[in-house]
Amino acid sequence: MAITRTDWSERYTEGRGFRRLGDDEKDLIVEHAPAPEGGRALDVGCGTGETSAYLASLGYTVDGADFADGALEQARTDHPDAEVRWLCLDIERDDPAPLGNDLYDLVVFRLSVAFLNDRTRVLHALGRRLREGGTMLVITPLAAHTPAKKRHIALDEDEIAALTCGWTSVQRLAAGDLAALVLRGPCTDTVAMERSVPATGNAVAGALAVVTDEHGRVLLGWSKRGMWEAPGGKIDGAEPLDGAGVRELAEETGLHATGATVVSILTDAAQGVPRVTAVIRVAGFTGTLTTAEPEKFTRWEWHDPHGLGCLGPVFTPAANALDAVWPGVIPGLPPVNAYPTAAEMTPVPGEPAEAVRLRHRMADAVIAGGWAPSAVVQKALRTVPRHRFAPETDLKTAYDDDLAVVTRRDENGRATSSVSAAWLQADMAEQLQLKAGATVLEVGSGGYNAELLAHVLGERGRVVTVDVDRYVVQRTQRLCAEAGSGRVTAVLGDGGLGAPDHVPAGGFDGILITHNASDIAPAWREHLAEGARLVVPLEMGGYTRSLTLVRRGDVLHCEHWTYCGFVRDRGAAARTAPAVRLADGDVTVRWEDGMPGDTAGLDGALRQPRHERSTGLVVRGVFNFETLQVYAATTLTGFCRLTAPEGSTLVEQQDAAAILTNGSLAYLTYRTVKDAPEPADRITEFFIHAYGPAAEEVAERFAECVRVWEREVRESGYPPMTVHPAATPDDQLPPGDVLDKPSARLVLQWPGRTPADALSLSTARGQHA
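Computed from a predicted structure; not experimentally measured. Every chain is numbered on its own, with residues counted from 1 as its sequence reads. For this predicted model, a pLDDT threshold of at least 70 governs which residues receive local features, and a threshold of 80 or more governs which side-chain atom pairs are given and counted, while totals over whole chains, interfaces and linings are taken from all residues. No hydrogens and no water enter the side-chain calculation; it runs on all heavy atoms of the structure.

1. Describing the packing of aromatic side chains
Then step 1. Under the pairing criterion, centres of Phe, Tyr and Trp rings, with the six-membered ring standing for Trp, must be within 6.5 Å; the plane angle then separates stacked pairs below 30 degrees from edge-to-face pairs above 60, leaving the rest tilted. This model, assessed by the stated rule, comprises 11 aromatic pairs.
Then step 2. Between F297 and W300, the aromatic rings sit 4.4 Å apart at their centres with planes inclined by 35°, giving tilted as the arrangement.
Then step 3. Burial classes follow relative accessibility: with a 1.4 Å probe on protein chains only, a residue under 20% of its type's maximum area counts as buried, one over 50% as exposed, and anything between as partly exposed. Looking at W300, the relative accessible area reads 6%, which means it is buried.
Then step 4. Both rings, one in Y667 and one in Y691, keep their centres 6.5 Å apart while their planes meet at 15°; by these two values the pair is stacked. Taken together, the positions of Y667 in strand β32 (residues 664-674) and Y691 in strand β33 (residues 683-691) put the pair 24 residues apart, joining distant regions of the chain. For the pair Y667 and Y691, one class covers both residues: buried. Secondary structure elements are taken from DSSP: a helix is a run of H or I of four residues or more, a strand is a run of E of two residues or more, and numbering for both begins at the N terminus.

2. Examining the sheet that holds strand β13 (residues 256-270)
Then step 1. Strand order in the open sheet made by the 5 strands is β12-β9-β14-β13-β17, with mixed pairing throughout. Strands with a single pairing partner mark the edges of an open sheet, and in this sheet they are β12 (232-234) and β17 (337-340). Across the sheet, the axes of successive neighbouring strands diverge by a mean angle of 25°, strand direction being ignored.
Then step 2. Here, a strand pair is defined by DSSP locating no fewer than two bridges between the strands. When strand β9 (residues 204-211) meets strand β14 (residues 273-286), the two strands line up parallel, connected through 8 bridges. Note on β14: the bridge partner recorded for A207 is A278.
Then step 3. Sitting on the sheet, helix α7 (residues 241-253) touches β9, β12, β13 and β14, and the angle it makes with β13 is about 105°. Convention adopted: a line fitted to C-alpha atoms gives each axis, helices being fitted over their contacting stretch, and angles between N-to-C directions are expressed from 0 to 180 degrees. Whether two residues touch is decided by their heavy atoms; if any such pair falls within 4.5 Å, the residues are in contact.

3. Examining the sheet that holds strand β21 (residues 462-467)
Then step 1. Strands sit in the order β22-β21-β20-β23-β24-β25-β26-β34-β36-β35 across an open sheet of 10 strands; the sheet is mixed. Both edges of this open sheet fall to β22 (488-492) and β35 (737-740), since each of them pairs with a single strand only. For this sheet, the mean inter-axis angle between neighbouring strands, taken without regard to orientation, is 25°.
Then step 2. Here β21 runs beside β22; their pairing, made up of 5 bridges, is parallel. If you follow T465 over to β22, its bridge partner there is A490.
Then step 3. Helix α17 (residues 626-635) rests against β24 (528-540), β25 (543-552), β26 (555-563), β35 and β36 (744-748) of the sheet, and its axis sits at about 75° to β25.

4. A short note on the packing of helix α9 (residues 353-368) against helix α10 (residues 375-383)
Then step 1. Two numbers describe how α9 lies on α10: the axes approach to 8 Å, and their chain directions differ by 150°. Of the possible angle classes, the one that applies to α9 and α10 is roughly antiparallel. Seen along the crossing, α9 lies across α10 with a hand that is right-handed. Packed against α9, whose contacting residues are R359, H360, M362, A363, D364, V366 and I367, the element α10 presents Q378, L381, R382 and T383 at the interface.
Then step 2. Across the contact of α9 with α10, the residue classes break down as 5 nonpolar, 3 polar and 3 charged. Angles are sorted into four bins: roughly parallel if under 35 degrees, roughly antiparallel if over 145, roughly perpendicular if 65 to 115, and oblique for all others. The handedness criterion is simple: a crossing whose near helix is rotated anticlockwise from the far helix by less than a right angle is left-handed, and one whose near helix is rotated clockwise is right-handed. Residues are grouped as follows: Ala, Val, Leu, Ile, Met, Phe, Trp, Tyr, Cys and Pro are nonpolar; Asp, Glu, Lys and Arg are charged; every other residue, Gly included, is polar.

5. Points about the state of the cysteines
Then step 1. Whenever a pair of cysteine sulfur atoms sits within 2.5 Å, that pair is classed as a disulfide. On inspection of all chains with the given rule, the structure shows 1 disulfide.
Then step 2. Disulfide partner of C187: C310, at an S-S distance of 1.8 Å. Of this pair, C187 sits in the loop between β7 (178-184) and β8 (191-193) while C310 sits in the loop between β15 (297-303) and β16 (313-315), and the two are 123 residues apart along the sequence.
Then step 3. Not engaged in a disulfide, the cysteine C46 finds its nearest cysteine sulfur in C88; these two sulfurs lie 9.5 Å apart.
Then step 4. Under the relative-accessibility criterion, C46 is labelled buried at 8%.

6. Some details on the side chain of E354
Then step 1. Note that E354 resides in helix α9.
Then step 2. All tallies of charge rest on Lys and Arg as positive and Asp and Glu as negative; His and the ends of each chain are not included. Only one rule defines a salt bridge in this text: a Lys or Arg side-chain nitrogen within 4 Å of an Asp or Glu carboxyl oxygen. For E354, which is buried and forms no salt bridge, the nearest opposite charge comes from R357, at a distance of 4.1 Å.
Then step 3. Apart from the residues within four sequence positions on either side, E354 is in contact with D95, P96 and L395.

7. Remarks on a negative patch on the surface
Then step 1. Side chains of D23, D24, D27 and E31 sit close together on the surface and give a patch of like negative charge.
Then step 2. With respect to the helices and strands, D24 occurs in helix α2 (residues 23-32).
Then step 3. By relative accessible area, D24 is classed as partly exposed at 35%. Here a patch means residues that are over 30% exposed by relative accessible area and free of salt bridges, tied together within 9 Å if like-charged and within 5 Å if nonpolar (Val, Leu, Ile, Met, Phe, Trp, Tyr). Method for areas: the Shrake-Rupley scheme with a 1.4 Å probe, in which residue coverage is limited to the protein chains shown. Where a charge lies is defined by one atom per residue type: Lys uses NZ, Arg uses CZ, Asp uses CG and Glu uses CD.

8. Focus on the environment of V491
Then step 1. As for its position among the elements, V491 is in strand β22.
Then step 2. What makes V491 buried here is its relative accessible area of 17%.
Then step 3. The spatial distance from the C-alpha of V491 to the C-alpha of E229 is 33 Å, given a sequence separation of 262 residues.
Then step 4. For V491, the contacting residues outside a window of four places in its chain are V464, T465, V466, D467, V473 and H502.

Structure (structure tokens):
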């Protein structure tokens, strides 16, 4: 029977003795983990606090953690003057919130690690709390030196191999008859490993069970072959695939599945022998975990999905099975052919208390920022398990309200799919103004955002999400099956064409685009119901704003703008902006809208003295460029973007709004008039730098643009805007500045702009008949 917290407390209260900290252990700590200045240490399973007090005497700021109240009471009594924060914490089961967010230089397990069931998971989780170069020190009795009746307090060689697996540096030392393990670098890559394939037969067919507990952690066993493996084995005769996985689970672990589904069939080869592996997702189980086949497995442990990429050696089919359930959770696996099945399955529950706490903290931050004013969006933020749609990501990162979590990159390392920042997802959901039971199209899949919308829509609602990337669609389908509502349909296709096979009668009640768009695709308007909203991150001159557009006939009326940024479109409408490199690549100009300008002569001009013109704009504190960027991009002829590599001496901005006309280039920059420790006290003046024969002219034109913006626009914010089909003639457009896209004409009604101003810009960009 397991020893409980109460049992341990009673032992300490009764004064039962425990092995004292030896001089050889003290010497080992001093030699291999000396306290750095300001160093922090965590003593796990601190007992009566002797090790914690010693670490404090070395100069560490110490947290002493134990799950037994009796131990901590005795520690406070025995060490009243020790600078130790005593924490009542079950390091294996409790939410680690009491540890805080500060990193440690040293984590110590002295005579305590053998009592942990999921030792590997706990050590790796605490390893991620170490500063770079920090040390995990494990001091443990060895089974070879321990009486059989006390075997449970010690580790054998196989257990030590499992415990130290996945660390970059492992050093084993002796401290008397104890083993001391000095571990550093808690995240080596998971490596797919093979074992001998039976010589009989022309192929090997097996089934592997992927089973998770009430905390969402997956079961893996450390095998006698020296690798982590999932429960499973060969198929017995004509037994069904799911039956094979369920049988093997019971035989190896003592757990009995209460539901099982074949989610994928994998084919590959090992040592020239074809191999077929059925991936069986177990939805629930009964029984008590045990090492039922000790001749095959040393032990079974539960692992966090986000830690699966740092385990060291994993049996190749097991690694592929884990990746089939949570695509992307283990990077760099050898190729395998996967055939996902169409069988429906109910979501599998399970998450740690830490995830619940962090989700509410994220929701609180989003709500406090004003991004989620409605009760229905607030509830969705608190309900949908965001971490389960980014299973490769640690919980803290997954629930950061201000971070986007990249889930896929291209061959050049550029992000192609992500879970966007929570505040932005909440804002876009709010902008759609959805009603219960509505049907929504999402262009750009991932899973979490679609499920967030599904929870906003309620039980009768439906979300269709479309993506051009087959992997992203399959990942979305799999993750929504794991943790979704059953109301999300993921479709493979070019989102620029909408989802033509899924448009409801009357059109979608809302459309949400989750990638940067360089154009407004006609299908988005055509598939949108009258009076419904399209929320799209649109690029204007290379600056992205999320626009909320309401359909009224063939015209979309903008009613809201949000500063944002997303991954780029990869569909047929994706556009590569024309760019010209100047001065041997030290400066690049690109035209996100419109035609490229004439750069002849600028190579030499950039190396000549520049013309400088003050805009007259002087600001105190942090300056907001939001509307100035879009104003310049939509009112200045020859607008372009200037970029320069870090360290360039030719220009003073690495990324700047610019104009190129009459063979001359001008860009917007700034200089500090008054520096100050507090950003709010700094004073900045904005300048135009210009080059070329018409430098003075283009500088003045840009400077005047800034002055008009300061005088007419800055306080009023973004302008009214309408979006018209590309074929709309000029005389059928309302007055305003026109920004032409391939499929749409944007009309912006900036204050302070006259009809003559707008006409000249339209003419310069190519007037419509």
